[in-house]
Structures are given as structure tokens and as C-alpha cells.
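# An overview of the molecular structure
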Amino acid sequence: MTTEEPDTAGAPDSGAGYDETVDVLVVGSGGGGLSAALKADADGLEVLIVEKGAKYGGSTALSGGGIWVPNAPAQRRAGVELNPDEVVAYLKTITGGLVTEQRLRMYVEKAPEMMAFLEERSDWMQFIWKPGYADYYPELEGGSGQGSTINVPPMDTRALGPEENELLEPLALAPKGIWLGPMDLRLFYQVRQNWRGKAVLLKLIWRMVRARIFGDRIVTIGQSLIARLRLALKERNIRLWLDAPMHMLLTDPDGRVTGAVVERDGAQLRIEARRGVILATGGFERDMDRRRAELPEVATDWSFGNPLNVGDGIRAGEKVGAATDLMDESWWFPAVQWPDGRMQFMLNERMMPAQFIVNGAGERFINEAAPYMDFGHAMIEGQRAGTVHIPCWLITDERSWHRYVICGHLPIPKVPFAPVPTGGKVPRTWLESGVVVEAGSWDELAAKIDVPAGTLKATAERFGELARKGHDDDFGRGDSVYDNYYGDPTLPNPNLYPIGKPPYYAFRIVLGDLGTSGGLRTDEYARVLRADDTVIDGLYATGNASAAVMGRSYAGAGATIGPAMTFGYVAAQHCAQREPSETETIESTGGNR
Ligand SMILES: Cc1cc2nc3c(=O)[nH]c(=O)nc-3n(C[C@H](O)[C@H](O)[C@H](O)COP(=O)(O)OP(=O)(O)OC[C@H]3O[C@@H](n4cnc5c(N)ncnc54)[C@H](O)[C@@H]3O)c2cc1C
């Protein structure tokens, strides 16, 4: 038995015995890790999950909780069935040859199986379909206008008992009692457009009152997903160690991974994993040194991801010979960053009709409503080409401020002590922060955001022409049903309307991300690969610890959690189907190309 060089002082010498033996060691307690653990347990394997943090859930707990699963059981219950070959064709198109067909096919085949398994395994695992939230390229062959995004229902965390306080919470917690179900959000954005939007507002007020009277502690989206997975683990007595970072992998003389060194209560424990180690450690979004080295254009930490995700699993894999791929890639998400560091998505704002986004030259550069990955790529490419695109500026007018939800501001008359900004005026603190700029003319705005005034005016005029005509001939904004989703349904083109009278407002957009998406190369069984495509026996990776099955694209909402859970499931299934500690001649079809 040999070990890799220890990362930490005090790591045990090679050759020592084991402190603990399990069949499968799952590293990380996000969606990928917990799904893997449930499957391994169901297949009769002894499982241990180790989590570095004091709380479980990782980025998955912080997330929107969308899970992209074409042909999910919930879809089938609604009578919708997609042709798997067409879904594979869709994925082939958007991944542009970066990912093997075997991996894509495995995903399309196993994602619904994974979900059916979870539903069957525990009553906590309920999934609902969100019809109408289109795939991100619904017009491509195999894309779906109805979408394949699945969510879990909200739940009350009191059901977790003692584990309630260990559930990872988002950094910016919603005010007590305020929660939006997966179906509420779109209507919420339409609060000024229709009565159903206003009804959501009333629902929110009622929920706040309820929470105060009855002590409800409802969580939704990502937190609900993780809480439910946690409860399912509990039913099966699957062990989860918190505050237990994995420091390195253990290998035998043939290079087979036999376990890992895990720190617990100050001790370095050698854990044997007879069937395999599944790395579900998330990405390296919080390792800014590595990120700068991989992609110099993004030198600032603008990630929404779990603060503990610094790529431990990826590094541990590399040390035992694994290859990596897509390391310059992330799940990009244009965002606003407030002076206290808080990040805020720019999603529905980019679909709002009377707005356009300019680069440092004062020009539009993309369909503003484009999927967030595409928007991020356009920012990076533009920056590389020599024009400032990071940041860029979303420009809108007072009329929009009074009609649409922007950065969480509710366009309703001022409500004293409201938990979110309300009222007709842009909050003074926003203007003082420099993140939002107000101006009485195009010249003034151009000077304040440092773009050429003549070009900005020309861009505004051109945008006005296109908006009056109702078609964006330049970038096709509003042509896709995806664009329309958060647009204004009362307009002929939900995504286009001319900018009106000043004051104008500009919002500073930076290149946020939901996490990195490059990582260890894996094959269709989630087995980790070397550069020559041979398999590192005993080692699996899923989620953001692995190079994305989505390549550099994003199929639809949930396209990161879907694969994390699916390949966690696939890895566990593979562990169950192989002999313990077997040495096999391994042929692989390769991972990402
Ligand atoms: C605000 C936000 C919204 C998002 N919305 C969506 C969405 O709706 N749909 C979607 O598909 N994606 C979404 N994402 C992205 C998605 O959350 C992640 O891509 C996904 O959850 C990654 O899952 P994972 O299991 O790979 O990693 P994670 O969920 O991050 O879990 C990794 C875990 O491993 C632990 N870990 C790390 N190193 C070690 C170590 N050495 N030892 C032990 N444990 C370790 C971490 O602490 C963490 O708990 C969102 C992300 C954010 C931040």
C-alpha cells in the first residue's frame, strides 16, 4: 500500500492499517454526493459520506434547486414523453463535439431512472415538473419549449430535527417567512402586469404572517432538495460526518484507489473504500489563484458558490494521475455585486422589455435575454478582444423602474419596514454604491459609466427603432420562447419596448458564476480517467468535481444539478456491480474530448 504525498502535516505513513472500512466513500454532501450515497445504500453497500464543512448541502443547498431531467417521472405523469434520441441530438448540438456520445446517452438514459429511484426510495423525495420553463435552446432539434426542469416542493425544516441547524443556508437569507415556490417566481415578476402577480404578493404577506404565528420554517428550491435528501439518508441510517475534510486519496501499487485520508476531530483517519471513492466535492470556484491561472479575464471572486469549494477533489484526483478538462469554464451568471460583497442575479432584468446592455464602447453586444452561459461567454470574448465587457451596463428608464422587479426592488408604492426595497425612487444607498447610476441625459449617463457619449446615443436610438418595430433585427431578442419567459406578457414582443424619458438608470453587471464546471475527466460510468483515457480504478467523480457533461453549454434550468445527481447515481451503481477490490482490465470510451 502506498499513499500520495500528504497535503497536511500529520497525515499517516503509507503501509498503516485502516481506521475504518466501507464499501463506498462519498466525499461531499451536495446533490451529487447525497444521491450517490442513497443509491449505494440501496444496492446493499456500506456507505460513509464525509463533508468538509460544519453544514451539509454545498452549492446545491444554496441553489435554485432546478434539476434538468428530460423524461422525468413527473413529466410522464403529466403525459409528456420525449424521444431520448432527440434529446441526445440536442445535447450533441449544444456540446459541439466536446463530450462523448456515450456520456450524453448515459445521462439521458439514467437521469429519469435516478429520479424514479429517489421517488421510490423515500416519501420525502417528491418531484414536480415546471412546465413552460423552456430548454435554453428550445428551437433546436430535440429542444423543448415546455422544458424539463424539475423541482422539489417546499418543506418545513422542523422535520429535520437535530439536523436542521446543520443545513447550509444561503448567504443572503430571505426575510423570515418569505419564500417563493418554483411556480411563484415568474408570476411574482409580473406583479404590475396582472392579478396573478399581485396574488403572489398577497401569498407572500400571508406566509410572513403565518411564520410569525405558527413558527413555520419553510425552505424551498435548493435547501428543500438537500433537506429532503438528508431525511431520506436518515431513514436509512446512512452516516454523514460533518467537519470531516478528505485530504488525499490512498492508492495501491497498481495505482488503484483504495480509500482516502479524512480528518475527524483532529485525527487523520485512513478510510478503506472497497468498491470505490466517489468525489462529489464540487468545483474550485473559491480558489481564486487557480481560477486566475486558468482564466485571467475573471480575476475577482464573483461566485455564488459554496465558500468551501476550492477544488480539493480535483487536486486529489490529479495527484493520483487524473486528467482534467474545461478548467477555464464556469456556470457563468451575469450579476450585480453590492459593496458588501453580496451577489445578485441579473436574470429577469435581462428579459425586461425597455433595457439594453452596453460594453465599454457603448454598444450592445448580444441578445440581452440570452441564456446566462452565452451571456458570460460573450463578456469573456469581448473582454479578450480588447473592449471592456467586464463590467458591462444594463440601461433602463424610470418607466421600467415603476413596472418591473429589478434587483429585488418591488415596483409598488413605498411600504414602511418592508423586507425588500419598495417605492418609486431608486434607493439612495444603491446610487451611492456606484453599482447603480442615475442620469438626466444620455451625455450625463455616458460620462458616469465611462462610455463614448455619441455611441451610447446611437445605440439608444437604434434600440428605440427596433423596439418600435417590435423585432430585434440586430440580436433577435424575443425570438426564442426562452427569452419570453420572464418578459412582459402584455406586450406583442415581451422582450422589447422603447426606452422612454429620463432619468435613465445604469446597473453595473459583473461576470458572476454558480460554480466552476471544469474538473476531472470522467467516462460514462463517472470513472475518473487519466490523460490516455485509461480508468483510475476505484475512483469516481460527479458534479462540479468532474468536467461537465454539458461541455461549455447549459441545456436548460437544472443542467448542473441534474448531472451531479445522475452521475452520482451512476457511479454508485457501477460500484455495486463490480467485485470489491477487483483488478480489472479496463477499457474506456474516454470522457470529454
Ligand atoms: C445561487 C445558486 C443557484 C443555483 N441554481 C441552480 C439551479 O437551479 N439548477 C442547477 O442545476 N444548478 C444551480 N446552481 C449550480 C449548482 O448548485 C451546482 O452546480 C451543483 O449544486 C453542484 O453540485 P455538487 O454536488 O457537484 O457540489 P456541491 O453541492 O457544491 O457539494 C460539494 C460539497 O463537497 C464539500 N467538499 C469540498 N471539498 C471537500 C473535502 N475535501 N472533503 C469533504 N467534503 C468536501 C463541500 O463543502 C460541499 O458541501 C446554482 C448555484 C448557486 C450558487
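Residues numbered from 1 in each chain as written. Predicted model: local features only at pLDDT ≥ 70, side-chain atom pairs only at ≥ 80, totals over all residues. Heavy atoms only, no water.

Identification of the protein chain as 3-oxosteroid 1-dehydrogenase from Nocardia speluncae is taken from an unreviewed UniProt entry. The Catalytic activity (unreviewed entry) field of the UniProt record for the protein chain holds the comment "a 3-oxosteroid + A = a 3-oxo-Delta(1)-steroid + AH2". (UniProt positions renumbered as here; feature names shortened; annotations may be inferred.)

The next point concerns the overall build of the protein chain. Across its full length, the protein chain carries 18 helices and 22 strands. Dimensions of the protein chain, computed from C-alpha atoms along their principal axes, come out at roughly 75 × 55 × 50 Å. The proportion of buried residues among the 593 residues of the protein chain is 61%. Split by element, the accessible area of the protein chain, about 22000 Å² in all, is 50% carbon and sulfur. (Helix = DSSP H or I, 4+ residues; strand = E, 2+ residues; numbered from the N terminus. Buried < 20%, exposed > 50% of the residue type's maximum accessible area, 1.4 Å probe, protein only. Areas by Shrake-Rupley, 256 points an atom, 1.4 Å probe, with all protein chains shown as cover.)

What follows is about the sheet that holds strand β6 (residues 149–151). In space, the three strands of this open sheet follow the order β4-β6-β5, with antiparallel pairing throughout. Edge positions in the sheet fall to β4 (67–68) and β5 (128–129), since each of these pairs with one other strand and no more. Bridging between β5 and β6 involves two bridges; their strand directions are antiparallel. Its bridge partner lying in β6, I128 is registered against N151. (Pairing = 2+ DSSP bridges.)

In the contact formed by helix α1 (residues 31–42) and helix α8 (residues 221–235), the axes pass within 10 Å of each other and the chain directions differ by 25 degrees. In terms of axis orientation, α1 runs roughly parallel to α8. As α1 packs across α8, the resulting crossing turns out to be left-handed. Where α1 approaches α8, its residues G31, L34, S35, A37 and L38 are matched on the opposing element by I226, L229, R230, A232 and L233. (Axes fitted to C-alpha atoms, helices over the stretch in contact; angles between N-to-C directions. Parallel < 35°, antiparallel > 145°, perpendicular 65-115°, else oblique. Left-handed = near helix turned anticlockwise from the far one by under 90°. Contact = heavy atoms within 4.5 Å.)

Turning next to the packing of helix α5 (residues 101–121) against helix α18 (residues 561–577). Relative orientation and spacing of two packed helices are given, respectively, by the angle between their axes and the distance between those axes. For the pair α5 and α18, interaxial distance at closest approach is 8 Å and the crossing angle is 85 degrees. Classed by the angle they form, the pair α5 and α18 counts as roughly perpendicular. Seen from α5, the contacting residues are R103, M106, Y107, K110, A111, E113, M114, F117 and L118; seen from α18, they are G562, P563, M565, T566, F567, Y569, V570 and Q573.

Looking now at the confidence of the model for the protein chain. Considering every residue of the protein chain, the mean pLDDT works out to 93; 95% of them sit at 70 or more. This stretch, residues 1–13, has a pLDDT under 50; its non-local contacts, to residues over four places away or in other chains, come to 36 contacts. Throughout residues 582–588 the model reports pLDDT below 50, and contacts reaching past four residues in sequence, or to other chains, amount to 13 contacts. (pLDDT = per-residue confidence, 0-100.)

Let us now look at the site of the ligand. Around the ligand sit 40 residues in total, of which E51, T60, D312, T560 and I561 are the nearest. Within the contact set of the ligand, an oxygen atom lies 3.0 Å away from a backbone nitrogen or oxygen of G66. For the ligand, whose accessible area on its own is 1000 Å², the fraction buried by protein is 96%. Only α1 and α2 (58–62) provide two or more residues apiece to the shell around the ligand. If you tally residues by element for the shell around the ligand, the top one is α2, at four residues. Its residues assigned to classes, the shell around the ligand shows 15 nonpolar, 22 polar and three charged. (Near = heavy atom within 4 Å. Polar contact = N/O pair within 3.5 Å; in protein donor to acceptor, adjacent residues only side chain to side chain. Nonpolar A, V, L, I, M, F, W, Y, C, P; charged D, E, K, R; others polar.)

Helix length check: α1 (twelve residues) gives 17 Å between terminal C-alpha atoms against 16 Å at 1.5 Å per residue, within 8%. The element α1 is extensively covered by neighbouring structure, given that eleven of its twelve residues are classed as buried. What α1 keeps buried is the set G31, G32, G33, L34, S35, A36, A37, L38, K39, A40 and D41. (Expected span 1.5 Å × (residues − 1).)

Counted under the stated rule, the structure contains 44 salt bridges. R158 is paired through a salt bridge with D216; the nearest N and O atoms lie 3.5 Å apart. Taken together, the residues R158 in the loop between β7 (155–156) and α6 (184–188) and D216 in the loop between α7 (195–214) and β8 (218–219) connect sequence positions 58 residues apart. The exposure class of D216 is buried, given its relative accessible area of 13%. (Salt bridge = Lys/Arg side-chain N within 4 Å of Asp/Glu carboxyl O.)

Our next topic: the environment of L160. Its place among the elements puts L160 in the loop between β7 and α6. For L160, a relative accessible area of 0% corresponds to the buried category. In contact with L160, not counting residues within four places along its chain, are Y56, L167, A227, R230, L231 and K234.

The subject of this paragraph is the side chain of D513. Looking at the secondary structure, you find D513 in strand β19 (residues 504–516). Judged by its relative accessible area of 0%, D513 falls in the buried class. Only 2.8 Å separates the side chain of D513 from the backbone nitrogen of G515, close enough to count as a polar contact. In this view, D513 contacts E285, R291, W302, S303, F304, G305, S330, W331, W332 and F333; residues no more than four positions away in its chain are not counted.

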